[in-house]
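Understanding the architecture of this molecule
The lines below spell out each chain.
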There are 2 protein chains.
Amino acid sequence: MSYKQIIYTTPPAPAIDPSLTTGTFRVNTTPKPQNVPADKILVRVHYLSLDPAMRQWLTAKRSYIAPVEQGAVMRGQSIAQVVSVGSDLASQYNAGDWVVAYSGWQEYALVGAKEAEKVALPAGGRPTDAMSVLGMTGLTAYFGMLEVGQPKAGDTVVVSGAAGATGMVAGQIARIKGAKRVVGLAGSKEKCEFLVKDLGFDAAVNYKDADWKKQLKEATPEYIDVFFDNTGGEILDACLARAARDSRFVICGAISQYNSAKPQGPASFMTVISQRITIKGFIVFDYAKKYPTALKELASWLSQGKLKRKEHIVPGGLEAAPKALIDLYAGVNTGKMMVEVAPINETLATKSKL
Amino acid sequence: MSYKQIIYTTPPAPAIDPSLTTGTFRVNTTPKPQNVPADKILVRVHYLSLDPAMRQWLTAKRSYIAPVEQGAVMRGQSIAQVVSVGSDLASQYNAGDWVVAYSGWQEYALVGAKEAEKVALPAGGRPTDAMSVLGMTGLTAYFGMLEVGQPKAGDTVVVSGAAGATGMVAGQIARIKGAKRVVGLAGSKEKCEFLVKDLGFDAAVNYKDADWKKQLKEATPEYIDVFFDNTGGEILDACLARAARDSRFVICGAISQYNSAKPQGPASFMTVISQRITIKGFIVFDYAKKYPTALKELASWLSQGKLKRKEHIVPGGLEAAPKALIDLYAGVNTGKMMVEVAPINETLATKSKL
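Residues numbered from 1 in each chain as written. Chains lettered and ligands numbered in written order. Predicted model: local features only at pLDDT ≥ 70, side-chain atom pairs only at ≥ 80, totals over all residues. Heavy atoms only, no water.

Identification of chain A as Enoyl reductase (ER) domain-containing protein from Penicillium antarcticum is taken from an unreviewed UniProt entry.

Take a look at the structure:
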């Protein structure tokens, strides 16, 4: 018996090339392990998580995490099911358990206890929630908005990449916590409608419209108190120009810049002084001690229907992942983007539905 | 009797034009007031303060202060002496008092009590200290470094524009407060020598050297914990690339960008996320309630010789101010730049000496 893996082969220059014969990645077939080491579990991968940060992992720069080595399996989280358990871990896992695994892009993986978190779901939860709204993207939105952004009653909160997995949760949290006005920036009419009609944002601006800066101005009549930024570039720039006095700019990501050979900084930088802006970058891992509290609150909002989830599931198995990653940077998805390596069961295959 | 004024006439496009016949400013002659209104004092201006922020005051953008109107006397602080006092203010001022006045660029000015702060000097103080080390630039350095930057023992602190009036005080305060390593960035070999030999900086880098980025790297072996920025542009960019985890970037000014039609933002902006940097702009006025405490501490350091001052006095009277302002942006000065409109007395005319 053997299984497939996606190997990181060639550094992007600067764009990711989806070809599996000449591009950034290759498919490799490897034998399934006969025995599971005592300190590992063997898991079967069902859904791969696709994340904007992945592009940064392919660049050998000083960053919060070491780059993926050429020749290694592409790094990534997945929703996976335990197939067999090493003897040391028999008290922790059973075959059949669902886990969030640091499996990388492969159909099966041997992982240690630190790389496999058992999925615990609230009423109405699905396994895939554990890697989106109740996982890294949900936690990123939670800590970025509440610990860094700290919206107060009366505040205008703007979120970029607002229809993405993190942005949609960030905006909803601001709404739940009583922000006066929540405005989303997204890249299509449909996404903007989704934000306003389905998620209850006060306004949404399609940054692909010719007059989007005018729309942003109209949508923020009292300027911007908290900006939760997933995109960087021109959008960050336009929001700096609309910053309120003493505003907080939460730098979560900069998806517009990841594939750029020459990243663009904010030209409206002088506003930082005149409006006394605080710009702060953060990494969700720094809040690891507070994950349990945050997950409890997120789960309660999800169960109560205050927090809505949305998944964008890409079919086609493991080989679909490189192209799906490119699509993520192109903004094809609304909500959490994942690649279906193996369906969980028929009832869960609610592709692209809330 | 009449006196001279410098009038702001023509917006810079984008550079200030020093010609007094075709440029940004004109000289006007106006009669000296016969009577002083009850709520004013008449002051004679001796030294004009030249400040990097002045360029911003000539631009009609949303800022922390309204722009100077075309046709008005150019805004600015000065060290001035009271000539006569309106009846309502007789208990507050006497003829002969030295004041820091919001006089603007003119030889005489009528100012209210809010626009004229009496000079109070510690042992060894000079009147001009009240508009430099014990005035706005000293206070800016104090609050920017201590309230925003908050250097801790063990920290590496870097200051740009380090030989300027604010930068040289900021670096010295970091040293006094126990920073492990204080590094200055300045624009000449002489300035760098001044920082290290006269002010006790651990290292100084001349950003006009071809290999300045390499020098900066060598001067910050443990990266940068606090960056006090007066320059913006390429220097801010290089310091972002050297930022330590959880570092604080204090945005005080951006003198490299003020005369630019297209301001340049920091391209190394991604480090903000990976190193969890906090970038914060500030305006000294926000700390007005704490001025007395700060001035007491600054005065005590000055008297004890822990804090050194340096003045760059431009001769030539009022008409020298427009060209001197351009020289300020060109970095001609070491220390506080001021224009001598009228000498205080012979003993004070210690031109360009410590």
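With that settled, the discussion passes to the overall build of chain A. Looking only at helices and strands, chain A features nine helices and 15 strands. Taken against the 2.2 N^0.38 rule, which gives 20 Å for 354 residues, the C-alpha radius of gyration of chain A at 20 Å falls within 12% of a compact globule. Dimensions along the principal axes, computed over C-alpha positions, put chain A at roughly 65 × 45 × 35 Å. Expressed as a percentage of the 354 residues in chain A, the buried residues total 56%. In the structure as shown, chain A presents an accessible area of about 14,200 Å², 52% of it carried by carbon and sulfur atoms. Once the 41 positive and 32 negative side-chain charges of chain A are each reduced to a mean point, those two points are 3 Å apart. (Helix = DSSP H or I, 4+ residues; strand = E, 2+ residues; numbered from the N terminus. Rg over C-alpha atoms; globule rule 2.2 N^0.38 Å. Buried < 20%, exposed > 50% of the residue type's maximum accessible area, 1.4 Å probe, protein only. Areas by Shrake-Rupley, 256 points an atom, 1.4 Å probe, with all protein chains shown as cover. Lys, Arg positive; Asp, Glu negative; His and termini not counted. Charge placed at Lys NZ, Arg CZ, Asp CG, Glu CD.)

Once that is clear, we can look at the relation of the copies chain B and chain A. Once chain B has been moved 0.0 Å along the axis and rotated by 180 degrees, it coincides with chain A to within an RMSD of 0.0 Å. Both chain copies can therefore be described as sitting about a two-fold axis. Taken together, the interface assignments show that 100% of the residues at the interface of chain B recur at the interface of chain A, consistent with an identical surface on both copies. (Least-squares fit on C-alpha atoms with pLDDT ≥ 70 in both. Contact = heavy atoms within 4.5 Å.)

Let us look at the packing of helix α5 (residues 212-219) of chain B against helix α6 (residues 233-240) of chain B. Residue and element names in this part refer to chain B. Here α5 crosses α6 at 40 degrees, and the two axes come no closer than 11 Å. With respect to α6, the element α5 is oriented oblique. For α5 against α6, the interelement crossing comes out right-handed. For the pair α5 and α6, contact is made by Trp212, Lys213 and Leu216 and by Glu234, Ile235, Ala238 and Cys239, respectively. Residue classes in the contact of α5 with α6 are distributed as five nonpolar, no polar and two charged. (Axes fitted to C-alpha atoms, helices over the stretch in contact; angles between N-to-C directions. Parallel < 35°, antiparallel > 145°, perpendicular 65-115°, else oblique. Left-handed = near helix turned anticlockwise from the far one by under 90°. Nonpolar A, V, L, I, M, F, W, Y, C, P; charged D, E, K, R; others polar.)

Next up on the list: helix α2 (residues 136-149) of chain B. Residues and elements named next belong to chain B. Burial analysis of α2 places 12 of its 14 residues in the buried class, which makes it a mostly covered element. Considered for burial, the residues of α2 that qualify are Met136, Thr137, Gly138, Leu139, Thr140, Ala141, Tyr142, Phe143, Gly144, Met145, Val148 and Gly149. With its phi angle positive at about 50 degrees, glutamine 150 sits one or two positions after the end of α2.

You can see Thr29(B) is positioned in strand β2 (residues 25-31). The contacts of Thr29(B), once residues within four sequence positions are left out, are Ser2(B), Tyr3(B) and Lys4(B).

Turning our eyes to something else, we now look at the interface of chain B and chain A. Accessible area lost upon the coming together of the parts is a frequently used measure of interface size. In this complex, chain B contributes 36 residues to the contact, which on the side of chain A involves 36 residues. At the boundary of chain B with chain A, the tally comes to four salt bridges. Notably, a salt bridge pairs Arg276(B) with Asp286(A), separated by 2.6 Å at the nearest N-O pair. Inspection of the chain B/chain A interface yields 11 residue pairs in polar contact (both at pLDDT 80 or more). Of all the secondary-structure elements, those providing two or more residues to the side of chain B that touches chain A are α6, β12 (243-251), α7 (271-274) and β13 (278-281) of chain B. Broken down by class, the residue content of the side of chain B that touches chain A amounts to 21 nonpolar, nine polar and six charged. (Salt bridge = Lys/Arg side-chain N within 4 Å of Asp/Glu carboxyl O. Polar contact = N/O pair within 3.5 Å; in protein donor to acceptor, adjacent residues only side chain to side chain.)

All names here are of chain B. Under the defined criterion, the tally for this structure stands at 34 salt bridges over all chains. A salt bridge links arginine 126 to glutamate 311, with the nearest nitrogen and oxygen atoms 3.2 Å apart. Taken together, the positions of arginine 126 in the loop between β7 (116-118) and α2 and glutamate 311 in strand β14 (residues 311-314) put the pair 185 residues apart, joining distant regions of the chain. Assigned by exposure class, arginine 126 and glutamate 311 land together as buried. Glutamate 218 is the partner of lysine 214 in a salt bridge, and the nearest nitrogen-oxygen pair spans 3.4 Å.

It is worth spelling out the domain arrangement of chain A at this point. Residues and elements named next belong to chain A. Domains assigned within chain A are domain 1 (2-132 + 310-340) and domain 2 (136-286). Distance between the C-alpha centres of domain 1 and domain 2: 28 Å. When the two sides are added together, the surface that domain 1 and domain 2 hide from each other amounts to roughly 1,500 Å², 60% of it contributed by carbon and sulfur. Counting every contact that joins domain 1 to domain 2 gives zero salt bridges. (Domains from an automatic or database assignment. Buried area = accessible area lost by both parts, 1.4 Å probe.)

Residue and element names in this part refer to chain A. With burial as the criterion, each face of strand β14 (residues 311-314) is covered, one bearing Glu311 and Ile313 and the other bearing His312 and Val314. Here β14 pairs with strand β15 (residues 336-340) via four bridges, running parallel. Residue pairing across strands places isoleucine 313 opposite methionine 338, the latter belonging to β15. Since β14 and β15 lie parallel, the crossover through helix α9 (residues 321-330) that links them has a hand, and here it is right-handed. (Pairing = 2+ DSSP bridges. Right-handed = clockwise from strand over helix to strand, strands pointing away.)

Residues and elements named next belong to chain A. Extensive coverage of strand β8 (residues 156-160) is indicated by the burial of five of its five residues. Of the two faces of β8, both are covered, the one formed by Thr156, Val158 and Ser160 as well as the one formed by Val157 and Val159. Alignment of β8 against strand β9 (residues 181-186), held across five bridges, turns out to be parallel. Following the sheet pairing, valine 157 is matched in β9 by valine 182. A crossover links β8 with its parallel partner β9, the connecting element being helix α3 (residues 165-176), and its sense is right-handed. Inspection of the sheet shows β8 paired to strand β11 (residues 224-229) by three bridges, in the parallel sense.

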